[in-house]
Structures are given as C-alpha cells and as structure tokens.
Amino acid sequence: MPALRPLHAPHDLTVEAATDTASTDRRGLFAAKRVAPSILSADFSRLGAQVEEVMAAGARIIHVDVMDGHFVPPITIGPLVAGSIADLVHDAGGAIDVHLMIERPGDHIEEFAKAGADNITFHAEATPHINRTLNAIRELGCMAGLAINPGTPISAVSESVNDADVFLCMTVNPGWGGQPFITDSPDKVRRMREIVGAGSIEVDGGIDPSTAGSVAKAGAGLFVAGSAVFSADDPGAAYTAIAEAAGAA
Ligand code: DX5
Ligand code: ZN
C-alpha cells in the first residue's frame, strides 16, 4: 500500500501559479455577469469553429462538462478535449470553465489544470473532502468552484465560502443537456446569495432567454447555456439573446 500524502504536502508536479496579466484578466471574467456556452451541445466534428462562433458573438467563458459514467450516468469528455480548445479560447481573451461531474474529483484536477482550465468546479456530493479539494485546485493556479445538485441544500456550501471562488447552483439534475429549468431555482439562488458573500454564483441547466432573467435577478452572475446556444440555427444570435435576457455580456 502506498503511503497517503498528508493534506498539507506539496504536489509532486508543479503547475505554475496564475500570475500573469492574461490570467488575471481571465479571472476577472468570472466576477462579471457572463453567459458561458457549454460545448456539451456543440457539434464536436467542428468544435473549434463552434467555439469561434460564440466567441465572435462576445462569449469569453467556455464551459466544459466532464461526466464519468458514475457520478452521473453518461460519459462525456476529459482533459484532452479541454486542452484542444484552450489555446484558441485563451488567445481570444477567454477562459475555460471546467465542470466536473465525476467521482473522486481530487484525482483529476491536476490533469485539467495542465490542460488549461481557468476554473475547476466539482460537486459537493462527490467527495467528503470539499475544502481540501478546493484548496488543491487553487494551489494548481486555478479558480475553484463548488457545485450542488438541485436536491442538495445550500448549507452544503456554507463552510466553504472562503475556499471557493465560484458557487454553482444546478438548475437541472446534472447529466444531460436540454432538460427543462427547475422553476424553484431562483429562490434557491436568492438563498445562496445570502451565504456566499462576494463569490460568483453560476447557474447551469435549462438557461435560455425565458429563464435567464429570473436567476439573474436572484443574484446569479454566470449563466451556462448549452442547447439554447448550440442547438440554435445561429449560435451567435442565440448567445446574444440569452446575454440580453440576463443583463450579461
Ligand atoms: C448538465 C450540464 C450542463 C449542460 C446544460 O449536466 O452540466 O452544463 O450542458 O445544458 P442545457 O443548457 O441544454 O440545459
Ligand atoms: Zn455544466
């Protein structure tokens, strides 16, 4: 049996802390009101072109949904795909927002940091070591996000307010794009706003021009939209419509 690494031990592999101006700018994106297109609903045979299309319309945060077939039933994509678009996104002044819907998230954060993730969010339901994992993400030079499912009370994030940069309130049950927005979500976001202080609140699932306004009013600042953007005939125009509804860029 290999010895367990102590909680405070440094990582074997060093990933440079994000200190350059470009990465500071990228961090600033998460503090602004922003729509984040989720590539889960993109055409993967022309992924780069789809990302360019939404970035031309103003998108700067690209959301990458990682599913492992355990935490949620589907298997989607991993660090290889995140890394394949990272330069494209960064060169256009954007940021990569990784949403881990996986068990044992702590085992995979380093791979995503190396792939170019700017923010890495994992689920509170996926590990008993929430604050340790958040701190490990920050040690890798990334912003750290904590997500909760619709059935998880907001108290699940209350002891991590100073350890996380982004708080993700799922507005559908995770696992699939194209599900309907859970209508109780604005109330949950409002209650979350009261406990997370200055942290960014992200909403994810069923976000479109008809739902974005309600969660924006409740205190959300980051609006993930997959099918409403990439299933539209014109993803750029769809992006703009959601941004207008949310009062976001
Ligand atoms: C769902 C994912 C979402 C998904 C949202 O589990 O976390 O990011 O892409 O898709 P839409 O916007 O279609 O609900
Ligand atoms: Zn997501």
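Up top you'll find the structure we're talking about.
Predicted, not measured: the structure shown is a model, and the values here were computed from it.

Student: So, the overall build of the chain: which residues are in play, and what are the values?
Tutor: Counting secondary structure elements, the chain contains 9 helices and 8 strands. Taken over the C-alpha trace, the chain has a radius of gyration of 17 Å; the compact-globule value for 249 residues is 18 Å, and the two agree within 12%. Overall, the C-alpha framework of the chain stretches about 55 × 35 × 35 Å when taken along its three principal axes. Out of the 249 residues belonging to the chain, those deemed buried represent 53%. Pairs at least 24 residues apart make up 66% of the contacts formed inside the chain by residues separated by at least 6 positions. Of the roughly 10,900 Å² of accessible surface on the chain, 53% is carried by carbon and sulfur atoms. Positive and negative charge centroids in the chain, built from 16 and 31 side chains respectively, lie 6 Å apart.

Student: Describe the coordination of the zinc ion (ligand 2), naming the residues involved and giving the relevant values.
Tutor: Six octahedral donors around a metal ideally subtend angles of 90 or 180 degrees, whereas four tetrahedral donors ideally subtend 109.5 degrees. The protein atoms donating to the zinc ion (ligand 2) are His63 (NE2), Asp65 (OD), His99 (ND1) and Asp204 (OD), with metal-donor distances spanning 2.0 to 2.3 Å. One can describe the site at the zinc ion (ligand 2) as octahedral: its 6 donor atoms subtend angles covering 70 to 172° at the metal. Coordination of the zinc ion (ligand 2) draws on donor residues from a single chain, spaced H-x1-D-x33-H-x104-D in sequence. Taken as a pair, Asp65 in strand E2 (residues 61-67) and His99 in strand E3 (residues 95-101) lie far apart in primary sequence, 34 residues in all. By relative accessible area, Asp65 is classed as buried at 5%. With a relative accessible area of 1%, His99 lands in the buried category.

Student: Let's hear about the packing of helix H2 (residues 47-56) against helix H3 (residues 79-91): which residues, and what values?
Tutor: Between H2 and H3, the least distance of the axes is 10 Å, while the angle of their chain directions is 40°. Judged on the interaxial angle alone, H3 and H2 are oblique. Handedness of the H2/H3 crossing: right-handed. Contacts from Leu47, Gly48, Val51, Glu52 and Met55 in H2 reach Val81, Ser84, Ile85, Leu88 and Val89 in H3. Within the contact of H2 with H3, the residues separate by chemical class into 7 nonpolar, 2 polar and 1 charged.

Student: Run through the site of ligand 1, naming residues and quoting values.
Tutor: The environment of ligand 1 is made up of 20 residues, and the closest members are Asp65, Gly178, Asp204, Gly226 and Ser227. Here an oxygen atom of ligand 1 and a side-chain polar atom of His63 are 3.4 Å apart. Against a free-state accessible area of 380 Å², the protein chains account for coverage of 99% of ligand 1. At the level of secondary structure, the elements contributing two or more residues to the shell around ligand 1 comprise E2, E3 and strand E8 (222-225). Among the residues making up the shell around ligand 1, the classes are represented as 8 nonpolar, 10 polar and 2 charged.

Student: I'd love a proper account of the sheet that holds strand E5 (residues 143-148), names of residues and values included.
Tutor: Read from one edge of the open sheet, 8 strands run E1-E8-E7-E6-E5-E4-E3-E2, paired in parallel fashion. Of all strands in the sheet, those with a lone pairing partner are strand E1 (34-37) and E2, marking the two edges. Strand-to-strand twist of the sheet, defined as the mean angle between neighbouring strand axes without regard to direction, takes the value 25°. Sheet topology places strand E6 (residues 166-170) next to strand E7 (residues 200-204); 5 bridges connect them, and they run parallel. Within E7, the residue paired with Cys169 across the bridge is Val203. Most of the contacts of helix H5 (residues 130-139) go to E5, to which it runs at about 150°, and overall it touches strand E4 (119-123) and E5.

Student: Pulling in residues and values, what's your account of helix H6 (residues 185-196)?
Tutor: Look at H6: 16 Å from first C-alpha to last across 12 residues, which is about the 16 Å you get at 1.5 Å a residue. Taken together, the buried positions of H6 are occupied by Ser185, Pro186, Lys188, Val189, Met192 and Val196. In an axial view of H6, the angular spread of the buried residues amounts to 155°, which keeps them on one side of the axis. In this structure, the buried residues of H6 make contact with E5, E6, E7 and helix H7 (212-218).

Student: Help me get a handle on the nonpolar core, residues and values and all.
Tutor: Side chains that are nonpolar tend, in soluble globular proteins, to be buried together. With 64 residues, the main nonpolar core has Ile39 and Phe223 as its most contacted residues. Counting residues per element, this core draws most heavily on H3, which supplies 5 residues. Aside from chain neighbours lying at most four places away, what touches Phe223 is Arg34, Val35, Ala36, Val203, Ile207, Ala212, Val215, Ala216, Ala246 and Ala248.

Student: So what's going on with unusual backbone geometry? Residues and values would help.
Tutor: In the Ramachandran plot, Arg104 falls in the positive-phi region, its phi being about 45° despite a non-glycine side chain. For Arg104, the position within the fold is in the loop between E3 and helix H4 (109-115). Of the residues examined, Arg104 reaches a relative accessible area of 61% and is grouped as exposed.

Rules of the game
- Residues numbered from 1 in each chain as written.
- Chains lettered and ligands numbered in written order.
- Predicted model: local features only at pLDDT ≥ 70, side-chain atom pairs only at ≥ 80, totals over all residues.
- Heavy atoms only, no water.
- Helix = DSSP H or I, 4+ residues; strand = E, 2+ residues; numbered from the N terminus.
- Rg over C-alpha atoms; globule rule 2.2 N^0.38 Å.
- Buried < 20%, exposed > 50% of the residue type's maximum accessible area, 1.4 Å probe, protein only.
- Contact = heavy atoms within 4.5 Å.
- Areas by Shrake-Rupley, 256 points an atom, 1.4 Å probe, with all protein chains shown as cover.
- Lys, Arg positive; Asp, Glu negative; His and termini not counted.
- Charge placed at Lys NZ, Arg CZ, Asp CG, Glu CD.
- Donors = N, O, S within 2.8 Å, 3.2 Å for Na, K, Ca; no water.
- Tetrahedral: all angles 85-135°; square planar, octahedral: opposite > 155°, others 65-115°.
- Axes fitted to C-alpha atoms, helices over the stretch in contact; angles between N-to-C directions.
- Parallel < 35°, antiparallel > 145°, perpendicular 65-115°, else oblique.
- Left-handed = near helix turned anticlockwise from the far one by under 90°.
- Nonpolar A, V, L, I, M, F, W, Y, C, P; charged D, E, K, R; others polar.
- Near = heavy atom within 4 Å.
- Polar contact = N/O pair within 3.5 Å; in protein donor to acceptor, adjacent residues only side chain to side chain.
- Pairing = 2+ DSSP bridges.
- Expected span 1.5 Å × (residues − 1).
- Arc of directions from axis to C-beta.
- Core = buried A, V, L, I, M, F, W, Y, C linked by side-chain atoms within 4.5 Å.

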